[in-house]
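Overview (structure and organization)
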Amino acid sequence: MSLISPHGGNLIDREARGAELAALLRTVAKLPSVTINARAEADLELIAIGALSPLEGFLGEADYLSVRDNLRLANGLVWSIPVTLSATAEERARLNVGEDVALRTREGKLVAVLHLAEIYTYDKQREAEAVYGTAEEKHPGVQVLYSQGEYLLGGKVTVVDHPNGHEFKQYRHTPAQTRALFAEKGWQRIVAFQTRNPVHRAHEYIQKCAMETVDGLLLHPIVGETKADDIPANVRLRAYEAILENYYPQNRTVLAVLPAAMRYAGPREAIFHATIRKNYGCSHFIVGRDHAGVGNYYGTYDAQKIFGNFTSEEIGITPMFFDNTFFCRKCDGMASLKTCPHDASQHVSLSGTKVRELLAAGEIPPGEFTRPEVAQVLIEGLRQNALNAKA
Ligand code: ADX
């Protein structure tokens, strides 16, 4: 038995090394530049390490339209999110198809070289409605889309640097590395857990329900760009360490970070998150309530229902669905409406906003909601971040 195959069959590697890197760096000064946003920067790292296999770069027009309208690449492979690179009219005027382009951060740091194969225009509103289910600018994913340039650039990339690569280095495992780690541990059935939050009791419960039936857990938090009111990744990382140390069997868990930006595309992002975890070697993927959702844009279980549009062979990784879970005082434990017969008056429910308020005020939320060790780390981390911001 071996691990699940990457999406599309092969793990992609678009990282420049050795002589190739030296040769690229010699030519780069003469190339026209395009400035990339935080999302494109994150996408470049994901492409480089094969997390977005089979993508070798940014989508050309045929793939873009097919992904937008049919949730598939032009060759029919399931792909739910357009991974694109935009350019302004001013940038576009300096570019020629068939030539190389230097991709730089807003600070001017070189990240990658794009082998420009196509330049095309696109309909932002149509993409917003198709991918995010709304054209409202207040949706954080739509906001990024509307702020982009008017042109899209398609082509393979060769990545030369990860500007944020030093952050969380010890947990920054590539898909090749997690695959090697799982093989070394003799794991074949691995469940991945996507999150942009600290691990609270509901998260812990669904992870552990899943862990009862597989070999191990990949706790795989996103550390790319998230909404300003989400808890920052540096604070979350310490909270993950605290919960793993105190409540999880160490020989059955791996903590790694996913350098992706959140898009908040709900159902479409659930498929995207699942295919990424397949590339990391995971056989199972947890989808709970309102996965990758924001506000009230998606139905509570839309991100589960969307999997019904594809065959299990097409997706490859097996989704594990969970209902909304909570602590029930009468059951004296975590439960969902599937397992608990008691009414809502017995259930401990706190909104994310309420919890953030408690933590910001230095108060520990109830133990039925979060482990005290986690709350302590969050309070301390948020306090430290606030001090650093003032300094
Ligand atoms: S997400 O944007 O990364 O999906 P979050 O970190 O809140 O957000 O959730 C991580 C995973 O846990 C998602 O699959 C989500 O659906 C699930 N989840 C979060 N809270 C609950 C809950 N109370 N009950 C069931 N599933 C949940």
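Up top is the structure these notes are about.
In this text, all values refer to a predicted model and were calculated from it rather than measured experimentally.

**Focus: the site of the ligand**
- Neighbouring the ligand are 18 residues, the closest being Gln194, Thr195, Arg196, Asn197 and His291.
- Measuring from an oxygen atom of the ligand, one finds a side-chain N or O atom of Arg196 at 2.5 Å.
- Within the side chain of Asn197, a nitrogen or oxygen atom sits 2.8 Å from an oxygen atom of the ligand.
- Contact with the protein chains removes 95% of the 540 Å² of surface that the ligand exposes when unbound.

**Regarding the packing of aromatic side chains**
- In this structure the tally under the stated criterion is six aromatic pairs.
- Plain terms: the ring middles of Trp79 and Phe272 are 6.0 Å apart, the flat faces sit at 85° to each other, and that makes the pair edge-to-face. Of this pair, Trp79 sits in the loop between helix H3 (61–70) and strand E3 (86–87) while Phe272 sits in helix H10 (residues 266–279), and the two are 193 residues apart along the sequence. Each member of the pair, Trp79 as well as Phe272, carries the same accessibility label: buried.
- The aromatic ring of Tyr151 is capped on one face by Arg92, whose charged end is 5.6 Å from the ring centroid.

**Considering the pattern of salt bridges**
- Scanning the model with the defined rule gives 17 salt bridges in all.
- Between Asp13 and Arg17 there is a salt bridge; the shortest N-O distance is 3.0 Å.
- By relative accessible area, Asp13 is classed as partly exposed at 45%.
- With a relative accessible area of 48%, Arg17 lands in the partly exposed category.
- The salt bridge partner of Arg371 is Glu204, with a shortest N-O separation of 2.8 Å. On the criterion of sequence distance, the pair formed by Arg371 in the loop between helix H13 (352–360) and helix H14 (372–390) and Glu204 in helix H8 (residues 201–211) is long-range, its members being 167 residues apart.

Reading the values: rules and limits
- Residues numbered from 1 in each chain as written.
- Predicted model: local features only at pLDDT ≥ 70, side-chain atom pairs only at ≥ 80, totals over all residues.
- Heavy atoms only, no water.
- Near = heavy atom within 4 Å.
- Polar contact = N/O pair within 3.5 Å; in protein donor to acceptor, adjacent residues only side chain to side chain.
- Areas by Shrake-Rupley, 256 points an atom, 1.4 Å probe, with all protein chains shown as cover.
- Phe/Tyr/Trp six-rings, centres within 6.5 Å; stacked < 30°, edge-to-face > 60°.
- Helix = DSSP H or I, 4+ residues; strand = E, 2+ residues; numbered from the N terminus.
- Buried < 20%, exposed > 50% of the residue type's maximum accessible area, 1.4 Å probe, protein only.
- Lys NZ or Arg CZ within 6 Å of the ring centre and 35° of its normal.
- Salt bridge = Lys/Arg side-chain N within 4 Å of Asp/Glu carboxyl O.

So far we have only geometry, and geometry alone does not tell us how the molecule works.
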